[in-house]
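# Coordinate inspection notes
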Amino acid sequence: MREKLGLSKEKIAAARSLAGAICAPVLSFIDGHTSAAVERATLRLMGADGADREGVPVPNLAVDALRDRLPGGAALWYANALVATGSSVGELNRKISEGFDLSRLPLADAAAARAKAEELAASGLGRVAANRAAREKKLADFAGANGDPLLYLIVATGNIFEDVKQARSAARRGADVIAVIRTTAQSLLDYVPYGATTEGFGGTYATQENFRIMRAALDEVGEEEKRYIRLTNYASGLCMPEIAAMGALERLDMILNDSMYGILFRDINMYRTFVDQRFSRMINAYAGIVINTGEDNYLTTSDAFDKAYTVLASQFLNERFAYAAGLEPWQMGLGHAYEMDPSIPDSFLYEFAQAQMAREIFPDHPLKYMPPTKYMSGDIFAGLTMDTLFNFVSKATGQGIHLLGMLTEAIHTPFMMDRAIAVDDARYVMRAMASFGDDIEFRRDGIMVRRARDVLDRTLGFLRELEGTGLMDAIAAGMFADVARPKDGGKGLDGLVEKDPSYWNPVERRLAAALPIR
Amino acid sequence: MARIVRPYGDTLDDGKVQLSFTLPVPSGARALEAARELVLGWGFRECEIAHSAPLDDEFTFFVAYAKTERGIDFDAVTADSGDAEKPMAMDDINDFIRERIGRKVVIVGACTGFDAHTVGIDAIMNMKGCNHHYGLERYPMVEAHNLGAQVPNERLIEFARKVRADAILISQVVTQKDVHLENLARFVELLEAAGERGRFICVVGGPRVSNKMAAQLGFDAGFGRGTYAEDVATYIVKKLAAPAR
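Because the structure is a prediction, the values reported are computed rather than measured.

## Here's the deal with the overall build of chain B
Within chain B, the secondary structure is distributed over seven helices and ten strands. Over its C-alpha atoms, taken along the principal directions, chain B stretches across nearly 70 × 45 × 35 Å. The burial tally for chain B puts 44% of its 245 residues in the buried class. Taking as baseline every contact in chain B between residues at least 6 positions apart, the subset at least 24 positions apart corresponds to 65%. In the form shown here, chain B has an accessible surface area of approximately 12,900 Å², with 51% of it arising from carbon and sulfur atoms. Between the averaged position of the 29 positive side-chain charges in chain B and that of its 35 negative side-chain charges there is a distance of 5 Å.

## Considering the interface of chain A and chain B
Counting from both sides, the interface comprises 32 residues of chain A and, opposite them, 26 residues of chain B. Interface of chain A and chain B: buried area, both sides summed, is about 2,200 Å²; carbon and sulfur atoms make up 51% of it. If you sort the residues of chain A by the area they bury against chain B, Phe201, Met416 and Met417 of chain A come out on top, with a joint share of 23%. Where chain A meets chain B, there are two salt bridges. Note that Arg172 of chain A and Asp56 of chain B form a salt bridge whose closest N and O atoms lie 2.3 Å from each other.

## Details of the domain arrangement of chain B
In many analyses, interface size is given as the accessible surface area lost on bringing the parts together. Here chain B is partitioned into domain 1 (4-72) and domain 2 (90-241). Using C-alpha coordinates to define each centre, domain 1 of chain B is positioned 40 Å away from domain 2 of chain B.

## Examining the packing of helix 4 (residues 75-85) of chain A against helix 5 (residues 89-97) of chain A
Residues and elements named next belong to chain A. Contact pair helix 4 / helix 5: the axes reach a minimum separation of 10 Å and the direction vectors enclose 105 degrees. Between helix 4 and helix 5, the interaxial angle falls into the category roughly perpendicular. From helix 4, Tyr78, Ala81, Leu82 and Thr85 reach across to helix 5, where they touch Val89, Leu92, Asn93, Lys95 and Ile96. Residues that form the contact of helix 4 with helix 5 fall into these classes: six nonpolar, two polar and one charged.

## So, the sheet that holds strand 3 (residues 46-56) of chain B
Residues and elements named next belong to chain B. Here we have three strands laid out as an open sheet, ordered 2-4-3, and antiparallel in their pairing. With one partner strand each, in any of the chains shown, strand 2 (16-23) and strand 3 form the two edges of the open sheet. Sheet twist, expressed as the mean angle between neighbouring strand axes with direction ignored, is 15 degrees. For strand 2 and strand 4 (residues 59-67), the ladder comprises eight bridges, and the chain directions are antiparallel. Bridge pairing links Leu23 to Thr60 in strand 4. Against the sheet, helix 1 (residues 29-41) engages strand 2, strand 3 and strand 4, with an angle of about 135 degrees to strand 3.

## Focus: the side chain of Glu319 of chain A
All names here are of chain A. When you line up the elements, Glu319 lands in helix 13 (residues 308-324). Judged by relative accessible area, Glu319 falls into the buried class, the value being 3%. A distance of 2.8 Å separates polar atoms of two side chains, one belonging to Glu319 and the other to Arg16.

## Let's talk about the sheet that holds strand 9 (residues 201-205) of chain B
The pairing of strands in a sheet happens through backbone hydrogen bonds and is either parallel or antiparallel. All names here are of chain B. Taken in spatial order, the five strands line up as 7-6-8-9-10 in an open sheet, and their pairing is parallel. The open sheet has two edge strands, strand 7 (142-146) and strand 10 (221-223), and neither has a second partner. The sheet shows a mean angle of 20 degrees between the axes of neighbouring strands, direction not considered. Across five bridges, the pairing between strand 6 (residues 105-111) and strand 7 is parallel.

Conventions and cut-offs
- Residues numbered from 1 in each chain as written.
- Chains lettered and ligands numbered in written order.
- Predicted model: local features only at pLDDT ≥ 70, side-chain atom pairs only at ≥ 80, totals over all residues.
- Heavy atoms only, no water.
- Helix = DSSP H or I, 4+ residues; strand = E, 2+ residues; numbered from the N terminus.
- Buried < 20%, exposed > 50% of the residue type's maximum accessible area, 1.4 Å probe, protein only.
- Contact = heavy atoms within 4.5 Å.
- Areas by Shrake-Rupley, 256 points an atom, 1.4 Å probe, with all protein chains shown as cover.
- Lys, Arg positive; Asp, Glu negative; His and termini not counted.
- Charge placed at Lys NZ, Arg CZ, Asp CG, Glu CD.
- Buried area = accessible area lost by both parts, 1.4 Å probe.
- Salt bridge = Lys/Arg side-chain N within 4 Å of Asp/Glu carboxyl O.
- Domains from an automatic or database assignment.
- Axes fitted to C-alpha atoms, helices over the stretch in contact; angles between N-to-C directions.
- Parallel < 35°, antiparallel > 145°, perpendicular 65-115°, else oblique.
- Nonpolar A, V, L, I, M, F, W, Y, C, P; charged D, E, K, R; others polar.
- Pairing = 2+ DSSP bridges.
- Polar contact = N/O pair within 3.5 Å; in protein donor to acceptor, adjacent residues only side chain to side chain.

Shown next as structure tokens:
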């Protein structure tokens, strides 16, 4: 993609270095802490699985029992139980689900327990690495078959088996990515439900079994269509690291994994969120999963024209946190959206300029582009027109991941036919515009060039303000998305744990050693 | 006097209707005929299947045009909405409050239960409003408190007591499988149990909310799609000023 905007390289570099300075104190806070969810994810990668009769998952039973020992990490105690009782992982999980309390066993042989934990961590991460290799092979086998950008479609029936039918139909129609939207409020559960589920509201529970069912269905339809169909789920919430662990174990390809979304839009405690996002992103980095960030949310809650700079600022912060978790640029699906008020004259030019700006500032990142939702009114015909312009901008600016707009947005979760209309519209526009982006240049002092410069300038101003205030204080003061979140407020603070010098986590150590953490 | 109206295509009383739907059958001649007969079975007089396409092996999409002879007596219809009367403009509402109520009107709003979609309550309450209709925070004579999303009923009521609210607005966006109904009913039950139902004007809003549904649940009014702050404010201030309260 040729550059069109003439953005100042110095300003872009200054923004990146400000993002580094803003994130640095948060990163050192993260280094000193773990959380219940981080420990549960660690145990999941070591093999903890299953649930008791009430549906409480084994990782929760284990970590809750070890509550007082979490400053040292849960891994050693899980392995200790295996060594002390001579059980297999499956047997231990069953015992825990029947009420066996891990904390009641004294540490018998520390060296043996550590060796056992290392073995389990190696085995879990080995499965993740094998999944990554399997994905890479399929992508190589079907090279060139996916759309550019990838067409991303959502299914949300509440019933995983109904979701499979919808997903299969969408994939056959041309979808490259299937996202299974989670049931309302799953992000507020401090556990991940167990098993296949058929009841959800506005979406389907994210469970490991549901991941497995959808993965198998998409692999099947992918073989028929000679195209790799990517699977996506959502990690924001109180179980961010566990969803990432389950996704890594079941070969998800993308995960919604914003560094601040949970704080701002779900009122989850900021300390907890920052700690959880780091570990979840390390898992995603290792698994070769592409993260998607949630900047579109800034535009649905605030004005898309006035607040465009908050999107760019958040992209710089998400990028910095992603580097610090070992993600590479090709894994950073930074978010943005086409949400401007359609009654603004030249709104299309501003959207086009901003999408091009994101592309030029983040040239190696796939960029996740979100469709109009805020001004979708129930007029399905006007909605399709807006989606068409969105499709145009996406193709013309080389976006990587294109979430298809639905003409029935604001009416219902998509019908099968709504998705087909969306795919057909996008494929037509993208075929018709195939070389448009390479064939045009922007007027040097035109509306679009000036808009992009203006947004970058405002972003720099905002980042300077953030650096002065400090990120956590800025969130507490309501500088993001017009919501103020007190540092000690929100959900999940009780699951935050300060690490002891003795803290030991073989999964984290292996991840840190394998990843290009910057 | 009856005034019968029918759908209008390009000629008065031609009764033309456009439909689109999906059937769980493979596409083909049989599917086309099935769709046509189905539309006729719904009572339409003519049906043309303008477009059909397979969505999957077992699903076919149709666009159909049909003609109906059924009409409706428009004069006999009454609107189902708390906003049936024309809303006042923002400045007029503030003047009305100054003259007829003589103090600021306190309005508390929230998206309750598990619903995390603040788009509705924000459109009504935020300073900026929606579609160039300013929200209640911009009204000088309104003290507006927007508690945001996922607010438990108990907390909303407690807050309304604390600020001595005149009205409580609840937004419900997620309505799949009627998850919102139970939560709304529970809100009214809590107020009734505390003997405080009469203390607040209770209003519910959302894309799938109707005034009829609101009344059934024990709310004073319900506002659906296309509602702006002035619709809600007009209703509240008139009800506050009405002598019957």
